[in-house]
Amino acid sequence: MNLIASILPLANIVIDLDVGSKKRVFEHVGELIEGRGHVGRQAVFESLFAREKLGSTGLGEGIAIPHGRIKGLREAIGAFIKLKEPIDFDAPDSKPVSMLFVLLVPEQATDLHLQILGELAQLFSDKTTRERLLNGSDAAQLHQLLTGQHAAN
Amino acid sequence: MKIIILGAGQVGSSVAERLVSEANDITVVDIDGAKLKHLQDHLDLRTVQGNASYPSVLKAAGAEDADMLLAVTQVDEINMVACKLAATLFNIPTKIARIRAGDYFSYPQIFAAENFAVDFTISPEQVLTDYIGKLIEFPEALQVLDFAAGKVRLVAVRAYHGGPLVGHELQNLRKNMPQVDTRVAAIFRRDRPIIPEGQTVIEAGDEIFFIAARDNSRSVMRELRRLDKPVKRVMIAGGGNIGTRLAKALEGQYEVKLIDHNKKNSERLAQELDNTLVLIGDATDEELLIAENVEDMDVFCALTNDDETNIMSALLAKRKGARKVIALINRSSYVDLVQSGQIDIAISPAQATIGSLLTHVRRGDIAVVHSLRRGAAEALEMIAHGDRKTSKVVGRRIEEIDLPKGTTIGAVVRKEEVLIAHHDTTIESNDHVILFVVDKRMVAKVEKLFQVGLGFF
């Protein structure tokens, strides 16, 4: 099982999120994570914003990987979000972002987390994968594209 | 970034102008439609007319999507309430309030998240008071700016005939005082920047910006020009917010006279100030100035809220023999007119205080921003994060760093230690790096340089 599969439950795939700003996306992520009983929404929101201030996590080509360390989080958790309308993200290529993979890790970040980040960057660097993700509209199908395996639910 | 600015007064409009030019998405809110119209005609921004502390107005301004709120109306209470609403109703991550009344600062807990939820306060009046206070402490300087909580100073001086270094190469500075480490960050000659090098010959009239540890700044000044005699007597025209603060700050160490035209206000000031002689009268009244021995004044500060009065009274004071005259001038065209004329130092309040706002708006971990030379140049204190892999500065010698054109690193502060920058100084994570940027268009590149890469957690 690849690393992405280990942190991305099917329920953390959100399709057609209708928000107009980075702030609203991060709020939504906070609610999603809180709803799954991990940590409070405000901690998630603040961590993502603070990291973004130090440098954009936009990869270019409409993709971003916002990430942050969260106090009290026991293990890394991911969420994949496709937006209905792209938003401004201050990406290096100045293109608006329409797909985000959010990665939250415990306060003590380790090599494992860097490896996850590396795997994500690798995945999104592939043009075909990007196009499939962009065109996909079914959570299970997206999950499979991201993890390379069938969702176990 | 999506930013809402409350208040289209001087602070609000000057920061709006600056931020629009830095590619932000700006909405300005004010109760006065005429002020908004003026802004909208000149700048690419959105405006909303209404009471800045009403939830409906904040919502109309886009509070649900905003990254930042700058509450800079003239009323402290509106600013504080707006921050509270921005937190409670709209969850805006960064909230900044302009606070004038010193009283609030005596109880800093009121700004905490569970109270008024003000993340940062700015106080233009205090910034200006400190600015002028420094010029009185260092009468030979054009500007004195603090970095790293006062551990490092950036000083601007004009080189005069008779200064030990005038007509010599910059490298002599080091030979003349081997025990004092300093770095000349920039030289402006007839308003044009020159990048200082060891062989650069200092000319009379050059405006020199140097960086040194606090305790060394005076010795370096002495090398660049002879020192003036210390200030003893100060006359202040205008007993408003700034004039009063300045008098309060100075009256312990200097003989201070303050002129205010309003009788009631003067009586109140006389009560409030312990050691200041408060005079009722017109700051442009020649006879009053003469009667109060303006010719014996070391510094005359014209700080009323009227540009023309400040210019006229400063000119008059200079003519009547005041040694150095300083005038607050709001209109930038006036600043350009009088600068380097009879008035020794013309201060634009908007320029002097915008840095305290830019500090929070800029991307990156920024401790201090000072806007210099009427906004053309900038000095910044940036905190480096990451490691050799995730940062473009950490783990590198200064000579290895790809600095934008016209940018110099002047000093590095590592915990308590001040390191004056040399080509082989290596930047570490959490270092405070003090940079001078001669052309503000390069600031965005400096910000990028200090941003961490994707791999930073």
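What this report covers is the structure whose coordinates are included nearby. (Residues numbered from 1 in each chain as written. Chains lettered and ligands numbered in written order. Predicted model: local features only at pLDDT ≥ 70, side-chain atom pairs only at ≥ 80, totals over all residues. Heavy atoms only, no water.)

### Let's talk about the overall build of chain A
Okay, so step 1: Scanning chain A for helices and strands turns up 6 helices and 6 strands.
Okay, so step 2: Along the chain direction, N to C, the helices and strands of chain A fall in the order α-β-α-α-β-β-β-β-β-α-α-α.
Okay, so step 3: For a compact globule of 153 residues, the expected C-alpha radius of gyration is about 15 Å, and chain A comes in at 14 Å, within 12% of that figure.
Okay, so step 4: Burial analysis of chain A (153 residues in total) assigns 51% to the buried set.
Okay, so step 5: Residue pairs in contact within chain A that sit at least 24 positions apart in sequence constitute 68% of those at least 6 positions apart.
Okay, so step 6: Summing over all exposed atoms, chain A offers an accessible surface of approximately 7100 Å²; the carbon and sulfur share of this is 46%.
Okay, so step 7: Measuring between centres, the 16 positive side-chain charges of chain A sit 2 Å from its 19 negative side-chain charges. (Helix = DSSP H or I, 4+ residues; strand = E, 2+ residues; numbered from the N terminus. Rg over C-alpha atoms; globule rule 2.2 N^0.38 Å. Buried < 20%, exposed > 50% of the residue type's maximum accessible area, 1.4 Å probe, protein only. Contact = heavy atoms within 4.5 Å. Areas by Shrake-Rupley, 256 points an atom, 1.4 Å probe, with all protein chains shown as cover. Lys, Arg positive; Asp, Glu negative; His and termini not counted. Charge placed at Lys NZ, Arg CZ, Asp CG, Glu CD.)

### A word on the pattern of salt bridges
All names here are of chain B.
Okay, so step 1: All told, the structure shown has 38 salt bridges over all chains when counted by the stated rule.
Okay, so step 2: Among the salt bridges present, the one from Lys2 reaches Asp25, with a minimum N-O distance of 3.3 Å. Taken together, the positions of Lys2 in strand S1 (residues 2-6) and Asp25 in strand S2 (residues 25-30) put the pair 23 residues apart, joining distant regions of the chain.
Okay, so step 3: For Lys2, a relative accessible area of 26% translates into the label partly exposed.
Okay, so step 4: With a relative accessible area of 37%, Asp25 lands in the partly exposed category. (Salt bridge = Lys/Arg side-chain N within 4 Å of Asp/Glu carboxyl O.)

### A word on the nonpolar core
As a rule of thumb, nonpolar side chains are buried together in soluble globular proteins.
Residues and elements named next belong to chain B.
Okay, so step 1: With 45 residues, the main nonpolar core has Ile5, Leu19, Val28, Leu70 and Phe450 as its most contacted residues.
Okay, so step 2: Taken domain by domain, this core gets at least three of its residues from each of domain 1 (2-122) and domain 3 (353-456).
Okay, so step 3: Residues in contact with Val28, not counting those within four places in the same chain, are Ile5, Gly7, Ala8, Ala16, Leu36, Leu39, Leu45, Arg46, Thr47 and Val48. (Core = buried A, V, L, I, M, F, W, Y, C linked by side-chain atoms within 4.5 Å. Domains from an automatic or database assignment.)

### Let's talk about the packing of aromatic side chains
Residues and elements named next belong to chain A.
Okay, so step 1: All told, the structure shown has 8 aromatic pairs over all chains when counted by the stated rule.
Okay, so step 2: The interplanar angle of 85° and the centroid separation of 5.5 Å between the aromatic rings of Phe26 and Phe49 together place this pair among those described as edge-to-face. Separated by 23 residues along the polypeptide, Phe26 in helix H2 (residues 22-35) and Phe49 in helix H3 (residues 41-54) bring together distant segments of the chain. In terms of burial, Phe26 and Phe49 fall into one category: buried. (Phe/Tyr/Trp six-rings, centres within 6.5 Å; stacked < 30°, edge-to-face > 60°.)

### With respect to the side chain of Lys23(A)
Okay, so step 1: Inspection of the secondary structure puts Lys23(A) in helix H2.
Okay, so step 2: Using a relative accessible area of 1% as the deciding quantity, one classes Lys23(A) as buried.
Okay, so step 3: Ignoring anything within four residues of it in the chain, the contact list for Lys23(A) reads Phe45(A), Phe49(A), Ala63(B), Glu64(B), Asp65(B), Ala66(B), Phe90(B), Asn91(B), Ile92(B) and Pro93(B).

### Observations regarding the interface of chain A and chain B
Okay, so step 1: In this assembly, 28 residues from chain A lie in contact with 24 residues from chain B.
Okay, so step 2: When the two sides are added together, the surface that chain A and chain B hide from each other amounts to roughly 2100 Å², 53% of it contributed by carbon and sulfur.
Okay, so step 3: Scanning the region where chain A abuts chain B turns up 3 salt bridges.
Okay, so step 4: Here Glu64(B) and Arg24(A) are joined by a salt bridge, their closest N and O atoms 4.0 Å apart. (Buried area = accessible area lost by both parts, 1.4 Å probe.)

### Observations regarding the sheet that holds strand S3 (residues 46-49) of chain B
All names here are of chain B.
Okay, so step 1: With parallel pairing, the 6 strands of this open sheet are ordered in space as S3-S2-S1-S4-S5-S6. Where the open sheet ends on each side, the last strands, each with one partner, are S3 and strand S6 (120-122). Each neighbouring strand pair of the sheet contributes to a mean axis angle of 20°, computed without reference to strand direction.
Okay, so step 2: Where strand S5 (residues 94-98) meets S6, 3 bridges bridge the pair, whose relative direction is parallel. Looking at the pairing, Ala97 lines up with Thr121 of S6.
Okay, so step 3: Packing against the sheet, helix H14 (residues 349-361) makes contact with S1, strand S4 (68-71), S5 and S6, and its axis sits at approximately 165° to S4. (Pairing = 2+ DSSP bridges. Axes fitted to C-alpha atoms, helices over the stretch in contact; angles between N-to-C directions.)

On their own, these measurements won't tell you what the molecule is for.
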